[in-house]
Amino acid sequence: MGCNCAILALAASATALIPPAARPGAPSAAPSAAKTHKARLPPLHMGDWAEANAAKALDAQKRIVMKFGGSSIRDAERVTHVADLIASKIREGFTPAVVVSAMGSTTNELERAGALALVDGIVRVDEMRKLHLEVLDELELPANVGYEVRQLLRELESLLDGVSMVRELTPRTKDLLVSFGERMSCRIVAGQLKEAHDITAVPIEAWNIGLRTEGGHGEARVDEECYDDIARALRSSIVERNEVPVITGYVGHDADGRVTTLGRGGSDLTATTLARAGASTQEPLFAEVQVWKDVDGLMSADPKVVSNSVNVPFATYEEAAELAYFGASILHPTALRPAQVGQCPVRIKNSYNPDHPGTLIASPSKIDEERSLKSLERPALTAITAKRGVTLVDISSSRMLGQPGFLAAIFEVFETDGVSVDVVATSEVSVSLTLDPKAHLGDEAKRFLSPKGLKRLEDIARVDVRDGRAIVSFIADVARSTELIARVFTVLAQRGVKVEMLSQGASKVNISLVVLDADAEEALRIIHDEFFSEKKEAVASR
């Protein structure tokens, strides 16, 4: 309750993002005369109306969501840097809403603290307390910020005391436990904005602007019915009260007011949810979501595997989603959906290298427009990625040739066992598919299904299971698929890398190959060199 009162007190006292004198183009203090003598105002002409609407649209184009991950605010130095970044955006005329993750590895430490209390009955938060209190001291933040952070640390210890006594850690309690990281970090970032830049920043738990979830704990989904509530709350804070809300990522409330989490990487989803909510109104609230990471945006391949990988300046929503699903860890796989539905561009930026343009993710028409402005052509291949440790399953049945229901019977088995299928290739009598490694059950050789499910499958077909495979996916211009596949198969064959399966068609931007897991990194390097070597690209384009 003390925290909420402090937040409300901050909000009530807010009058501007920055001092009027520091605001570019700030109006003078004389408009009261206009209010007193309304009758003397000249009539409103169509040109005045158009100019007012243009100014309103310009304001909307300057409103952005800025999301910062844990590595971007891992210590006092990084918090200072992030606050400086936000302040510089405000000086440039932007109006931000800020979303933050927990500081550094705090979420991992909270999970470990919960496990320690559950298994050994030990309550230990020393490292978390040390990190957050040291940051408070180094930044010399106001007393009210220190009080709120210390109060949260006390509540955290009380929660862990309860876990250690009853030796129980339910999904509901775990969600509450891991929420403390974001709840502390949002207060620290808001405090630094206020202390160092005199910005009216207000720390806010996401549920206090209306973010509601459904679907249980641990991997909750955003309830789309809450969009209007979020839009109203943000418009009131940003437009009417000129505040900078600093909002917790990753967490929300269910319909009963219990804390829930959106799963790992869910802070990205929080940021795009704010943009989607803002797009649900007649006048979109935000022009762009900026996701600040510790890399220069999307890369053509994993730099840890392909040393000469390059930045991808543009990607469509679908291309970025495919990259995220098939192994690129830059964005949460589900985070792009709200932005895509709301048609709000997402820009991935590097908080350690803020001058780098990063990667713009937007609709195909927006990307084409941006490429045209920079006189860039669409590349044959945008990026490649790999999903390691998958299982390849070949299912064939000559006796079911031409019989209806063959595919339905197969996929019913996987659905019953709750196993996720990644890539599929079919013929009249056989199906080849790969299975999500997270869905594997047990350690037996045929671990992709329960014994009962495997028996049901073997009753209708011959089943061949091959572990130790990898999916190599390339995001590309599928209109040039013949050329792409020919070049890929040629260079892989020359280097002795065998392709066991090819899938293309369902996605308009993705072609996937299955190779031995041991060959995955070599395949990535070979394909990348084929398409991203300037010399080869010049020859291929002749």
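Caption draft 1: Examining the pattern of salt bridges more closely. Enumeration according to the criterion identifies 35 salt bridges in this entry. With a closest N to O distance of 3.0 Å, R258 and D254 form a salt bridge. Of the residues examined, D254 reaches a relative accessible area of 12% and is grouped as buried. Taking the shortest distance from any N to any O, the salt bridge between R487 and E483 comes out at 3.2 Å. Note that R487 and E483 are positioned in helix α17 (residues 481–494) at a spacing of four residues, about one turn of the helix. On the basis of relative accessibility, which here comes to 27%, the residue E483 falls in the partly exposed class. Within this structure, E148, E155, R183, R187 and E205 form a network of salt bridges that share partners.

Caption draft 2: Local environment of unusual backbone geometry. Even without being a glycine, D198 presents a positive backbone phi close to 55°. For D198, the location among the structural elements is in the loop between α9 (180–197) and β3 (201–204).

Caption draft 3: Quick peek at helix α14 (residues 364–373). Along α14, the residues that are buried comprise I367, E370 and R371. Summarising the axial view, the buried residues of α14 lie within an arc of 100°, below the 170-degree limit, and thus occupy one face. Opposite the buried face of α14, by more than 90 degrees, sit the exposed residues S365, S372 and L373. Summarising the contacts, the buried residues of α14 are in contact with β10 (314–316) and β12 (359–362).

Caption draft 4: Expanded view of the nonpolar core. The biggest cluster of nonpolar side chains holds 51 residues, and the ones touching the most others in it are F68, I86, L156, I188, L193 and V246. The contact partners of L156, leaving out residues within four places of it in the chain, are L110, V125, M128, L177 and F180. Grouped together as the second largest cluster of nonpolar side chains are 43 residues, A97, V99, I230 and C344 included.

Rules and cut-offs
Residues numbered from 1 in each chain as written. Predicted model: local features only at pLDDT ≥ 70, side-chain atom pairs only at ≥ 80, totals over all residues. Heavy atoms only, no water. Salt bridge = Lys/Arg side-chain N within 4 Å of Asp/Glu carboxyl O. Buried < 20%, exposed > 50% of the residue type's maximum accessible area, 1.4 Å probe, protein only. Helix = DSSP H or I, 4+ residues; strand = E, 2+ residues; numbered from the N terminus. Arc of directions from axis to C-beta. Contact = heavy atoms within 4.5 Å. Core = buried A, V, L, I, M, F, W, Y, C linked by side-chain atoms within 4.5 Å.

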